[in-house]
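Residues per chain are reported as follows:
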There are 4 protein chains.
Amino acid sequence: MHCVDRLDYTLTMRSVDRTGAARPRTFTETARRAQIVGAAVDVIAEVGYAQASLARIADQLDISKGVILYHFVGKEDLVREVVAHVWSKGEAFVRQRMQAAPSGVGKLRAYIEACFAYMVGYPNDVIAIVDIARSARDADGTRLFDSALPIQAVTDVQKLLIDLRNSDQGTTDFDPAVMALAIRAAIDAVADRLRREPDLDVDLYGRELATLFERAIRGPTKGSHSCQ
Amino acid sequence: MHCVDRLDYTLTMRSVDRTGAARPRTFTETARRAQIVGAAVDVIAEVGYAQASLARIADQLDISKGVILYHFVGKEDLVREVVAHVWSKGEAFVRQRMQAAPSGVGKLRAYIEACFAYMVGYPNDVIAIVDIARSARDADGTRLFDSALPIQAVTDVQKLLIDLRNSDQGTTDFDPAVMALAIRAAIDAVADRLRREPDLDVDLYGRELATLFERAIRGPTKGSHSCQ
Amino acid sequence: MHCVDRLDYTLTMRSVDRTGAARPRTFTETARRAQIVGAAVDVIAEVGYAQASLARIADQLDISKGVILYHFVGKEDLVREVVAHVWSKGEAFVRQRMQAAPSGVGKLRAYIEACFAYMVGYPNDVIAIVDIARSARDADGTRLFDSALPIQAVTDVQKLLIDLRNSDQGTTDFDPAVMALAIRAAIDAVADRLRREPDLDVDLYGRELATLFERAIRGPTKGSHSCQ
Amino acid sequence: MHCVDRLDYTLTMRSVDRTGAARPRTFTETARRAQIVGAAVDVIAEVGYAQASLARIADQLDISKGVILYHFVGKEDLVREVVAHVWSKGEAFVRQRMQAAPSGVGKLRAYIEACFAYMVGYPNDVIAIVDIARSARDADGTRLFDSALPIQAVTDVQKLLIDLRNSDQGTTDFDPAVMALAIRAAIDAVADRLRREPDLDVDLYGRELATLFERAIRGPTKGSHSCQ
DNA sequence: TATGAATGAGGGTTCATTCAT
DNA sequence: TATGAATGAACCCTCATTCAT
């Protein structure tokens, strides 16, 4: 959950004028937009992107469909805002948690556990964004966030892994691309399972996964389970 | 890709008469159903479950929509058949590949590589079933395969891991449920990426992932990268 | 009303298959399409192109909107068919009437009177096509038949005028482009007035207009109102 | 372009109070109304009446839709004002040009050329009013200016023709109603063509049309092309 | 005066499904 | 067996209009 700056995150920023000029948002407008984005997150998390119609989202708030289209250019615009908002929130959350993290392999554990903490705190956010990344397509079937979202997330992890290997000579010769993919996939899979089983012990999964990937990275001789 | 027997796999079984009586399928009927299932797989793999309308599937075969609904009760019925068929095919493929596999940790590598071999041989099968498992819902948003599919796959891997640990004392104390989830998630994620990048070196991913999880399982002292 | 061959006239021809291949039309299909085109003509003539929604056209026939979209790709497709159909009918009508016409200036009179005869026989056809040519635009405001229709009609008249001048040396030095425009404009204007006043003596207008333009073409010495 | 007095021309007149009482307009109010009317003309000329939404007109001025509805009762009210304003402007323009015109047939030429001069000077005015006269309808499809506009214009020409015939005995026995319709139709058709081809040599059309109708009116013996 | 906010009707279109043939 | 025909619900979106501020 990183790198919000590479996605347009506009929820609290500026509207686009009739003339195309940026215009600061009203208090009411900002509030409404946030409210709609929140409802969209919940509805998408509950029924899935494909079934999350504007009508359903509007119903959830007990407003008319028109309100949504007054505040957003169209459904795609709303979804992009959902993604930007959730991504940005998550990114900030994770970054802040990682500041205190040690360097080296511990950094990865910090990342994974931060992701899971976010998932516990805002499960719908995570469920929704994962679903959007997988399902959101326009009429032709072209994915809306095909590369933007999943690749972004994986790339962020990949960078973390490369840093990690540079700062710690004792790692195995793992392929950072493959490892990053596996890590993100594992995290997202827990989001899926969490949706089905809301009582899931997410923290346990976090700890176990961190250990799993630590072992895969540190290799046989340097682990806490060292030789001798 | 296991355990088809726990899903309804009806492609070669029985039809239901308009009197409600079950009757064996004719050869033609079986062929038509298989043809339709195949087309559905291709269309879903190409445009995604949500965009895979009956019309699109019918177009692919140059038949009318009605034919599909003559052979299947409805769209849901067709999708269930797709899942059953693909699952069964994949399960047989993987099982056969694993017969020759050594016991112990090698078994896991054999499983992963078999999955990837299947993915290379029948990419659309895998892409489609992964998409269905994630996206397929009815009108209310209720998932069609919420537990059936993903849990099934993970459970199969989990059993394999438990067997593995029983037959090989030198493993780490990993949690089989978590490890199984991570393994399946990694495999499915490659299917996703394969859809985006058809030239992906799937075998490389297979080998790397196998090594990754081997390391996580075998722990520090027993790996091929042993201590000395 | 000429030159149907330069517009796609498909009412009695072929459908386009799912595969893009042409396919002969069912009897029923042809009949339905004709019925829908007829209703569209009437509705457009009555309430104008902009107000002629699919719902209104469907209501007129007491069928559902879906039927129209089953037989036509979309509203634009239907409108194109309306234009092609009306144009072709009118063109055949006018051409047949003109076969018996004398050469020289009489040809123009024959043309004008044929147009008016068609207008009397099928007023809605003419009212509708004139309205479509003027009003039909897509979402951006781009005209659907901007050049196709009006220019076509004017060009046809222009050709007739050039032939006429070649075969009859005694004409004035009128500009065929301007004259053609004036002739078509006058004819279309009568269609407009006919809509408002259904009891209009169209034949009178026809004769008078023919005389008017004859005078403008033949000049002072050659007219039936000759010197002496 | 005549006879504004027979249309409600209210741009500089009176507003209606919320108590229902009429009150004179403030300077600002008049200016705003004129501004909005001008924008409406431009938008209608550009995209056509049917696509000229209040939003589009407001955008053009960088104001909110509400402003328009503050100054005008509704869209229909605005359109009526547009018509009244353009009509009045055009009528004054043409009348002034015609003052210097000779009597007799020259009067008609002066009229036609005045119309074309106006068209060159204010093309959007003419394009817009022609489009409105043809397309503007309310929700039921009832025309807004069904008789008012086109009949008005034709009647004005008709009067001119009758005067002309009274003052000049040597004309043919043309029907003034038909001739007037043909003249107006020709002028309006050039407006249409001008929209499509902004570089059109409008003056040429004006001269040619004037000659065309002169010939039709003066007949064989009295024309400049006289019989020796 | 002017705006932002909201509404509700209606627009075209897609789609799974039903049914007679 | 298979098709063409038709339906009706749902979809996203546009628009003129209302209203409180």
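Here the structure is a predicted model, which means the values were calculated and not measured.

Student: What's the story with the overall build of chain A in this structure? I'm lost.
Tutor: The helix and strand tally for chain A stands at 9 helices and 2 strands. Overall, chain A shows an N-to-C arrangement of helices and strands of β-β-α-α-α-α-α-α-α-α-α. Within chain A, buried positions represent 57% of all 228 residues. Considering only residue pairs separated by 6 or more positions, chain A has 64% of its internal contacts joining residues 24 or more positions apart. Of the accessible surface of chain A, which amounts to about 10,000 Å², a share of 50% is contributed by carbon and sulfur atoms.

Student: So what exactly am I meant to see when it comes to the relation of the copies chain C and chain D here?
Tutor: Think of it as a corkscrew move, a rotation about one axis and a shift along it, taking one chain copy to the other. For the pair chain C and chain D, the best superposition has an RMSD of 0.3 Å and corresponds to a rotation of 178° with a translation of 0.0 Å parallel to the axis. The superposition operator between the copies reduces to a two-fold rotation axis. In this assembly, 100% of the residues forming the interface of chain C have copies in chain D that are likewise at the interface, indicating an isologous arrangement.

Student: For this particular structure, what's the right way to read the protein's contact with DNA strand E?
Tutor: Taken together, the neighbourhood of DNA strand E is formed by 31 residues, with Val67(A), Lys75(B), Lys75(C), Val67(D) and His71(D) sitting nearest. Backbone sugar and phosphate groups make up 63% of those atoms of DNA strand E lying within 4 Å of the protein. Leu54(C) has a polar backbone atom sitting 3.0 Å from a phosphate oxygen of DNA strand E. Between DNA strand E and the protein, one listed contact pairs a phosphate oxygen with a side-chain N or O atom of Ser64(D) at 3.3 Å. Among the secondary structure elements, those contributing two or more residues to the surface near DNA strand E are α1 (27–47) and α3 (65–71) of chain A, α3 (65–71) of chain B, α2 (54–61) and α3 (65–71) of chain C together with α3 (65–71) of chain D. Looking at the surface near DNA strand E, the element that brings in the most residues is α3(D), giving 5 residues.

Student: Just to check I follow, could you spell out the protein's contact with DNA strand F for this structure?
Tutor: Not every one of the 32 residues close to DNA strand F is listed here, only the nearest: Lys75(A), Val67(B), His71(B), Val67(C) and His71(C). Take the atoms of DNA strand F that sit within 4 Å of the protein: sugar and phosphate atoms are 63% of them. Within the contact set of DNA strand F, a phosphate oxygen lies 3.4 Å away from a side-chain nitrogen or oxygen of Ser64(B). Of all the secondary structure elements, the ones that give two or more residues to the surface near DNA strand F are α2 (54–61) and α3 of chain A, α3 of chain B, α1 (27–47) and α3 of chain C together with α3 of chain D.

Student: Which parts of the structure should I look at to understand the interface of chain C and chain D?
Tutor: Accessible area lost on assembly of the parts is the figure often given for the size of an interface. Listed as interface residues are 47 residues of chain C and, on the opposing side, 48 residues of chain D. Taken together, chain C and chain D are joined by 4 salt bridges. The partner of Arg137(C) in a salt bridge is Asp131(D), with the nearest N and O atoms 3.9 Å apart. Counting every contact that joins chain C to chain D gives 11 residue pairs in polar contact (both at pLDDT 80 or more). Counting residues per element, the ones that place at least two in the side of chain C that touches chain D are α1, α6 (123–135), α7 (148–167), α8 (176–196) and α9 (202–222) of chain C. Examining the composition of the side of chain C that touches chain D, we find that 12 residues originate from one element, α8(C), more than from any other.

Student: What is the right way to read the environment of Asp77(C) from this model?
Tutor: Residues and elements named next belong to chain C. Position of aspartate 77 relative to the elements: it lies in helix α4 (residues 75–99). With 24 residues separating them along the chain, aspartate 77 and serine 53 place their C-alpha atoms 13 Å apart. Looking at aspartate 77, its side chain comes within polar contact range of the main-chain nitrogen of valine 73, at 3.0 Å.

Student: Would you explain the packing of aromatic side chains in this entry?
Tutor: Each aromatic ring pair is described using two quantities: the centre-to-centre distance and the angle formed by the ring planes. Under the criterion given, the structure shown has 12 aromatic pairs over all chains. Considering the side-chain rings of Tyr118(C) and Tyr122(C), the 5.1 Å spacing of their centres and the 40° angle between planes classify their relative orientation as tilted. Overall, Tyr118(C) belongs to the buried group, its relative accessible area being 1%. In this arrangement the basic side chain of Arg165(D) is found over the ring face of Phe174(D), its NZ or CZ atom lying 4.8 Å from the centre.

Student: Any chance you could explain the packing of helix α6 (residues 123–135) of chain B against helix α8 (residues 176–196) of chain B here in plain terms?
Tutor: When two helices pack together, their arrangement is given by the angle between the helix axes and by the axis-to-axis distance. All names here are of chain B. Closest axis-to-axis distance for the α6/α8 pair is 9 Å, and the angle between their directions is 115°. Here α6 lies roughly perpendicular to α8, going by the angle between them. The interaxial crossing formed by α6 with α8 has left-handed handedness. Every residue of α8 that contacts α6 at Pro123, Val126, Ile127, Val130 and Arg134 is listed here: Asp188, Ala191, Asp192, Leu194 and Arg195. Of the residues assigned to the contact of α6 with α8, the class counts are 6 nonpolar, no polar and 4 charged.

Student: How do you make sense of the nonpolar core when you look at a structure like this?
Tutor: Where a protein is soluble and globular, its nonpolar side chains tend to be buried together. Core analysis: the biggest nonpolar cluster contains 161 residues, and Phe213(C) and Phe213(D) have the highest contact counts within it. Apart from residues no more than four positions distant in its own chain, Phe213(D) is found in contact with Leu212(C), Leu108(D), Ile112(D), Met179(D), Ala182(D), Ile183(D) and Ala186(D). Of all hydrophobic cores here, the second largest spans 158 residues; its members include Ala110(B), Val126(B), Ala136(B) and Leu212(B).

Student: Explain the environment of Arg215(A) to me, please; I cannot follow it from the model alone.
Tutor: Counting through the fold element by element, Arg215(A) comes out in helix α9 (residues 202–222). Among the residues examined, Arg215(A) registers a relative accessible area of 13% and is labelled buried. Taking C-alpha positions, Arg215(A) is 50 Å from Leu69(A), a pair spaced 146 residues apart along the chain. At 3.3 Å, the side chain of Arg215(A) and the side chain of Thr172(B) are in polar contact.

Student: Looking at this model, I keep getting lost on the pattern of salt bridges. Mind explaining?
Tutor: Residue and element names in this part refer to chain A. Applying the stated criterion to the full structure yields 43 salt bridges over all chains. Between glutamate 113 and arginine 109 there is a salt bridge whose closest N-O contact spans 3.6 Å. Here the residue glutamate 113 and the residue arginine 109 both occupy positions in helix α5 (residues 105–121), the gap between them amounting to 4 residues, near one helical turn. We classify arginine 109 as partly exposed; its relative accessible area is 22%. When salt bridges with common partners are traced through the structure, they connect Arg109, Glu113 and Glu214 into a single cluster.

Student: Please explain the packing of helix α4 (residues 75–99) of chain A against helix α6 (residues 123–135) of chain A as it appears in this structure.
Tutor: Residue and element names in this part refer to chain A. Here α4 crosses α6 at 130°, and the two axes come no closer than 10 Å. As summarised for this structure, α4 and α6 are arranged oblique, according to the angle between their axes. As α4 runs across α6, the sense of the crossing is left-handed. On α6, the residues that touch Val79, Val82, Val83, Val86, Trp87 and Lys89 of α4 are Asp125, Ile129 and Ile132. Class assignment for the residues of the contact of α4 with α6 results in 7 nonpolar, no polar and 2 charged.

Student: Where do I start with helix α5 (residues 105–121) of chain C in this structure?
Tutor: Within an α-helix, residues lying three or four positions from one another point in the same direction, as the helix has 3.6 residues per turn. Helix length check: α5(C), at 17 residues, gives a terminal C-alpha distance of 25 Å against a target of 24 Å (1.5 Å per residue), a fit within 8%. Taken together, the buried positions of α5(C) are Val105(C), Leu108(C), Ala110(C), Tyr111(C), Ile112(C), Ala114(C), Cys115(C), Phe116(C), Ala117(C), Tyr118(C) and Met119(C).

Student: How should unusual backbone geometry be read in this particular structure?
Tutor: Only a minority of non-glycine residues have a phi that is not negative, and only a minority of peptide bonds are not trans. Residues and elements named next belong to chain A. In this model, aspartate 62 sits at a positive phi of 60°, which is unusual for a non-glycine residue. Summarising the element assignment, aspartate 62 is placed in the loop between α2 and α3. When its relative accessible area of 72% is taken as the criterion, aspartate 62 is described as exposed.

Student: Explanation requested: the environment of Met179(B) in the structure shown.
Tutor: As for its position among the elements, Met179(B) is in helix α8. Distance in space between the C-alpha atoms of Met179(B) and Val105(B) is 13 Å, their sequence separation being 74 residues. Non-local contacts of Met179(B), meaning those with residues more than four positions away in its chain, are made with Leu212(A), Leu161(B), Phe174(B), Phe213(B), Ala216(B) and Ile217(B).

Student: Quick question: what am I supposed to make of the confidence of the model for chain A here?
Tutor: Note: predicted coordinates in regions of low pLDDT should not be interpreted at a detailed level. All names here are of chain A. Confidence along chain A averages 86 in pLDDT terms, with 86% of residues attaining 70 or more. Mean pLDDT across the secondary structure elements of chain A bottoms out at strand β1 (residues 14–16), with 70, and peaks at α2, with 97. Throughout residues 1–6 the model reports pLDDT below 50, and contacts reaching past four residues in sequence, or to other chains, amount to 24 contacts. Predicted confidence for residues 221–228 stays below pLDDT 50, and this span has 13 contacts to residues more than four positions away or in other chains.

Student: Got a minute to help me understand helix α1 (residues 27–47) of chain B in this structure?
Tutor: Across its 21 residues, α1(B) extends 30 Å between first and last C-alpha, which sits within 8% of the 30 Å expected from 1.5 Å per residue. Remark: Gly48(B) follows α1(B) within two positions and exhibits a positive phi of approximately 90°.

Student: Just to check I follow, could you spell out the side chain of Asp125(D) for this structure?
Tutor: Residues and elements named next belong to chain D. Within the secondary structure layout, aspartate 125 lies in helix α6 (residues 123–135). In this structure the side chain of aspartate 125 is engaged in a polar contact, spanning 2.9 Å, whose partner is the side chain of lysine 89. At 2.8 Å, the side chain of aspartate 125 and the side chain of tyrosine 118 are in polar contact. If near-sequence neighbours (up to four positions away) are discounted, aspartate 125 is found in contact with Val41, Val86, Lys89 and Tyr118.

Cut-offs and rules
- Residues numbered from 1 in each chain as written.
- Chains lettered and ligands numbered in written order.
- Predicted model: local features only at pLDDT ≥ 70, side-chain atom pairs only at ≥ 80, totals over all residues.
- Heavy atoms only, no water.
- Helix = DSSP H or I, 4+ residues; strand = E, 2+ residues; numbered from the N terminus.
- Buried < 20%, exposed > 50% of the residue type's maximum accessible area, 1.4 Å probe, protein only.
- Contact = heavy atoms within 4.5 Å.
- Areas by Shrake-Rupley, 256 points an atom, 1.4 Å probe, with all protein chains shown as cover.
- Least-squares fit on C-alpha atoms with pLDDT ≥ 70 in both.
- Near = heavy atom within 4 Å.
- Polar contact = N/O pair within 3.5 Å; in protein donor to acceptor, adjacent residues only side chain to side chain.
- Salt bridge = Lys/Arg side-chain N within 4 Å of Asp/Glu carboxyl O.
- Phe/Tyr/Trp six-rings, centres within 6.5 Å; stacked < 30°, edge-to-face > 60°.
- Lys NZ or Arg CZ within 6 Å of the ring centre and 35° of its normal.
- Axes fitted to C-alpha atoms, helices over the stretch in contact; angles between N-to-C directions.
- Parallel < 35°, antiparallel > 145°, perpendicular 65-115°, else oblique.
- Left-handed = near helix turned anticlockwise from the far one by under 90°.
- Nonpolar A, V, L, I, M, F, W, Y, C, P; charged D, E, K, R; others polar.
- Core = buried A, V, L, I, M, F, W, Y, C linked by side-chain atoms within 4.5 Å.
- Expected span 1.5 Å × (residues − 1).
- pLDDT = per-residue confidence, 0-100.

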